[in-house]
Amino acid sequence: MRVISLFVCVLLLSGCNLFQKETVPVSAPEALSAKAQMYDTKNNLIGEILFKESSKGVELTAVLNNLPPGDHGIHLHEFGKCEPPSFESAGAHFNPTKKQHGVDNPAGPHLGDLPNITVDDAGEVELNFVTADFTLEKGKENSLFDEDSTSVVIHEKADDYKTDPSGNSGARIVCGVVK
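Chains are numbered independently. Their residues run from 1 in the order of the written sequence. It should be noted that, the model being predicted, local features are given only for residues of pLDDT at least 70 and side-chain atom pairs only at 80 or more, the latter also being counted only at that level, while totals for whole chains, interfaces and linings use all residues. Water and hydrogen atoms were dropped before computing side-chain values, which therefore reflect all heavy atoms in the structure.

Draft legend 1. How the structure looks around the confidence of the model for the chain. In this model, the chain carries an average pLDDT of 86, and 83% of its residues clear a pLDDT of 70 or more. One number per residue, pLDDT, summarises how confident the predictor is, and it ranges from 0 to 100. Counting from the N terminus, the helices are DSSP H or I runs at least four residues long and the strands are E runs at least two residues long. Across the chain, the element-wise mean pLDDT spans from 53 in helix 1 (residues 2-14) up to 98 in strand 9 (residues 172-177).

Quick look at the structure:
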């Protein structure tokens, strides 16, 4: 009797899988992602910024090191080029909508205008925010992956969020190409 009870229990616990002839694959589309390795004016790697597309927009996350303490402007720039020491090769701000600079500017903002970062006394900063202003999907309007790509630039001073074209944020001190 015990053997029969044990057999019935095993049969019940195994469920219908004993009778299923084929497996059904389950897959979900992989989220679009990118990263920008960030270099200072002396070509030292200071970290990387990760980009991940979701239903809420593009999430940017990073831990960056060896930066000057204080507030700094950070922007997406129109070209995927970062030639030190000035990083002028990155061009102007990413601005496919042809607006003026700054969230406090009534004629703004550029799509490349990002929130200031605050670097601690140890030279580190964590970055984590989501924006629906652009996409990683190639061929879409406002994509970071247009014909000449895009870069991320950190400036020496804080962005004032209103002065066109760059928020009085000063020299470019860090740059990375979005790939």
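Next comes the rest of the account.
Draft legend 2. Main features of the state of the cysteines. Any two cysteine sulfur atoms lying within 2.5 Å of each other are counted as a disulfide. Under the definition given, this model contains one disulfide. Two residues, C82 and C175, share a disulfide whose sulfurs are 2.0 Å apart. Its S-S torsion of about -60 degrees marks the bond between C82 and C175 as left-handed, since a negative value means left-handed. Of this pair, C82 sits in the loop between strand 5 (74-77) and strand 6 (117-119) while C175 sits in strand 9, placing them 93 residues apart in sequence. Taking the relative accessible area as the measure of exposure, C82 reaches 22% and is therefore partly exposed. Relative accessibility decides the category of a residue: with a 1.4 Å probe and only protein chains considered, values under 20% of the type maximum give buried, values over 50% give exposed, and everything between is partly exposed.

Draft legend 3. Summary view of the packing of aromatic side chains. Centres within 6.5 Å make a pair out of two Phe, Tyr or Trp rings, where for Trp the six-membered ring is used; the pair is then stacked when the planes are under 30 degrees apart, edge-to-face when over 60, and tilted otherwise. Scanning all chains against the criterion turns up zero aromatic pairs. Counted as over-ring charges are cases with an Arg CZ or a Lys NZ within 6 Å of the ring centre that also lie within 35 degrees of the ring normal. Taking NZ or CZ as reference, K138 lies 6.0 Å from the ring centre of F145, over its face.

Draft legend 4. Inspection of the pairing of strand 7 (residues 125-131) at higher detail. Side-chain alternation along strand 7 places V125, L127, F129 and T131 on a buried face and E126, N128 and V130 on a face that remains uncovered. Bridge analysis of strand 3 (residues 57-64) against strand 7 gives seven bridges, and the strand direction is antiparallel. By the bridge assignment, L60 is partnered in strand 7 with F129. Two strands qualify as a pair provided that DSSP identifies no fewer than 2 bridges between them.

Draft legend 5. Up close: the pairing of strand 3. Sheet topology places strand 2 (residues 45-54) next to strand 3; six bridges connect them, and they run antiparallel. Bridge assignment links E53 to a residue of strand 3, and that residue is V58. With antiparallel pairing between neighbouring strands as the criterion, strand 2 and strand 3 make up a hairpin whose turn holds two residues.

Draft legend 6. The environment of N65, seen in detail. Along the polypeptide, N65 turns up in the loop between strand 3 and strand 4 (70-72). Linking N65 and D120, residues 55 residues apart in sequence, is a C-alpha distance of 9.6 Å. Apart from the residues within four sequence positions on either side, N65 is in contact with I46, G123 and E124. The criterion used for residue contact is that any of the two residues' heavy atoms lie within 4.5 Å.

Draft legend 7. Expanded view of the sheet that holds strand 3. Pairing in this open sheet of seven strands is antiparallel, and the strands run 5-8-9-1-2-3-7 from one edge to the other. The open sheet has two edge strands with one neighbour each: strand 5 and strand 7. Adjacent strand axes in the sheet meet at a mean angle of 20 degrees when their direction is disregarded. As paired strands, strand 1 (residues 33-40) and strand 9 are joined by two bridges and run antiparallel to one another. The axes are straight lines fitted to the C-alpha atoms, using for helices just the contacting stretch, and the angles between their N-to-C directions are given from 0 to 180°.

Draft legend 8. Spotlight on a negative patch on the surface. Grouping into patches uses exposed residues only, defined as over 30% relative accessible area, and leaves out salt-bridged ones; the cut-off is 9 Å for like charges and 5 Å for nonpolar side chains (Val, Leu, Ile, Met, Phe, Trp, Tyr). Here the Shrake-Rupley method, with its probe set to 1.4 Å, supplies the accessible areas, and only the displayed protein chains count as covering residues. A pair is scored as a salt bridge if a Lys or Arg side-chain nitrogen falls within 4 Å of a carboxyl oxygen belonging to Asp or Glu. Here Asp and Glu are counted as negative and Lys and Arg as positive; His is not counted, and neither are the chain ends. The location of each charge is read from NZ of Lys, CZ of Arg, CG of Asp or CD of Glu. Among the surface-exposed residues, D120, D121, E124 and E126 lie close enough to one another that they form a single negatively charged patch. With respect to the helices, strands and loops of the structure, E126 is situated in strand 7.

Draft legend 9. Structural view of the nonpolar core. Only buried Ala, Val, Leu, Ile, Met, Phe, Trp, Tyr and Cys residues count toward a nonpolar core, and they belong to the same one when joined by side-chain atoms within 4.5 Å. In this structure, M38, I49, F51, L60, L64, V152 and I154 are the most contacted members of the largest nonpolar core, which totals 30 residues. At the level of secondary structure, the elements contributing two or more residues to this core comprise strand 1, strand 2, strand 3, strand 5, strand 6, strand 7, strand 8 (151-155) and strand 9. When residues of this core are assigned to their parent elements, the largest contribution, four residues, is made by strand 3.

Draft legend 10. Quick peek at the environment of V119. Examined against the element boundaries, V119 turns out to sit in strand 6. Linking V119 and D71, residues 48 residues apart in sequence, is a C-alpha distance of 6.3 Å. Each residue touching V119, except ones within four places of it in the same chain, is listed here: L67, P68, P69, G70, H72, E124 and V125.

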